[in-house]
Amino acid sequence: MRTFKNVKINCIQGDIANQPDVSAIVNAANAELKTGGGVAGAIHRAAGPQLAEECQPMAPIKPGEAVISAAHNLPNNYVIHCLGPVYGQDKPEEKLLADCYRNALQIAEEHDIDSIAFPAISTGAFGFPMKEAATVAFETIKDEIGQLKSVIEIRFVLFSDSDLRIHQKILKTIA
Ligand code: AR6
């Protein structure tokens, strides 16, 4: 766990679709804002079909963009959907991934959200190397932290133990 300017950042191993104590969870979405594999599949399954219905008019979104919806059958208040870059295809990848984190936090602020859980966007089907993605995520969040007023807790939910360890290690090194 690290605290920057009163904002707590922590990393846990778990399922992003089972974080009942945060106000918003972030979806590693597809452009169409439909269900899919990985995070998008888990979130849409848990939220129910109304999630895709609500999102449909907002689609398609572009890499780096974020949009917000209700959470339907999920135990949260909101889902913030981010389209990460496909590694090796959507360029510059690092900027587009940073845009996801920046835009998600900005939307969270606009909705007075106090706690938000992120998955490791782009690191599954989209192929972003885990260490590089974690570095971009934490550096971007640290840069944004001075702008945050409502968000006081940021959680990273990693699927595997090795992904958790990578994130914990990189979080420690952020100056
Ligand atoms: N909770 C937390 N992390 C998870 C979960 C979960 N339930 N499931 C997977 N991960 P991905 P992307 C990890 O592929 O790379 C989808 O099919 C996973 O191990 O979900 O942004 C969409 O429809 C990996 O580290 O997202 C899009 O087409 C990370 O979450 C596309 O994949 C992200 O994996 C988006 O690809």
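As the structure is a computational prediction, the values presented were derived from the model and not from experiment.

Trainee: Give a detailed account of the site of the ligand, specifying residues and quantitative values.
Mentor: Around the ligand there are 22 residues in total, and Asn30, Gly37, Val39, Thr123 and Gly124 lie nearest to it. A distance of 2.9 Å separates a nitrogen atom of the ligand from a polar backbone atom of Ile16. Within the side chain of Asn30, an N or O atom sits 2.8 Å from an oxygen atom of the ligand. If you tally residues by element for the shell around the ligand, the top one is helix H1 (residues 38-47), at 4 residues. A per-class count over the shell around the ligand returns 13 nonpolar, 8 polar and 1 charged.

Trainee: Tell me about the packing of helix H3 (residues 93-110) against helix H4 (residues 130-144), and please be specific about residues and values.
Mentor: Close contact between H3 and H4 brings their axes to 9 Å; oriented N to C, the two are set at 45°. When the axis of H3 is compared with that of H4, the two are oblique. For the pair H3 and H4, the crossing hand works out as right-handed. Together, Glu94, Leu97, Ala98, Tyr101, Arg102 and Leu105 of H3 and Glu132, Ala133, Val136, Ala137, Thr140, Ile141 and Glu144 of H4 make up the contact between the two elements. Tallied by class, the residues present in the contact of H3 with H4 amount to 8 nonpolar, 1 polar and 4 charged.

Trainee: Break down H1 for me, citing the residues and quoting the values.
Mentor: Taken together, the buried positions of H1 are occupied by Ala40, Gly41, Ala42, Ile43, His44 and Ala47. Among the structural elements, strand S3 (24-28), helix H2 (50-55) and strand S5 (78-82) are those in contact with the buried residues of H1. One or two steps after H1, the chain reaches Gly48, where phi turns positive at roughly 95°.

Trainee: I'd like a rundown of the sheet that holds strand S7 (residues 153-158), residues and numbers included.
Mentor: The strand order across the open sheet built from 7 strands is S1-S2-S7-S6-S3-S5-S4, with neighbouring strands paired in mixed fashion. The open sheet has two edge strands, strand S1 (2-4) and strand S4 (66-70), and neither has a second partner. Between one strand axis and the next, the sheet turns by 25° as a mean value, whatever way the strands run. Where S3 meets strand S6 (residues 115-118), 2 bridges bridge the pair, whose relative direction is parallel. Paired with Ile25 across the two strands is Ala117, which belongs to S6.

Trainee: If you had to explain the pairing of strand S2 (residues 7-13) to someone new, which residues and values would you point to?
Mentor: Summarising the sheet, S1 and S2 pair through 3 bridges and their orientation is antiparallel. Counterpart to Thr3 in the pairing with S2 is Lys8. Where S1 folds back on S2, the antiparallel hairpin that results is connected by 2 residues, among which Lys5 adopts a positive phi of roughly 45°. Note that S2 and S7 share 6 bridges and pair parallel. Across the sheet, residue Lys8 finds its bridge partner in S7, namely Glu153.

Trainee: Would you mind going over the side chain of Asp90 in detail, with residue names and values included?
Mentor: Mapped onto the elements of the fold, Asp90 is located in the loop between S5 and H3. Looking at Asp90, its side chain comes within polar contact range of the main-chain nitrogen of Val86, at 2.8 Å. Contacts of Asp90, omitting those with residues within four sequence positions, involve Pro63, Gly84, Pro85 and Leu96.

Reading guide: rules and limits
Residues numbered from 1 in each chain as written. Predicted model: local features only at pLDDT ≥ 70, side-chain atom pairs only at ≥ 80, totals over all residues. Heavy atoms only, no water. Near = heavy atom within 4 Å. Polar contact = N/O pair within 3.5 Å; in protein donor to acceptor, adjacent residues only side chain to side chain. Helix = DSSP H or I, 4+ residues; strand = E, 2+ residues; numbered from the N terminus. Nonpolar A, V, L, I, M, F, W, Y, C, P; charged D, E, K, R; others polar. Axes fitted to C-alpha atoms, helices over the stretch in contact; angles between N-to-C directions. Parallel < 35°, antiparallel > 145°, perpendicular 65-115°, else oblique. Left-handed = near helix turned anticlockwise from the far one by under 90°. Contact = heavy atoms within 4.5 Å. Buried < 20%, exposed > 50% of the residue type's maximum accessible area, 1.4 Å probe, protein only. Pairing = 2+ DSSP bridges.

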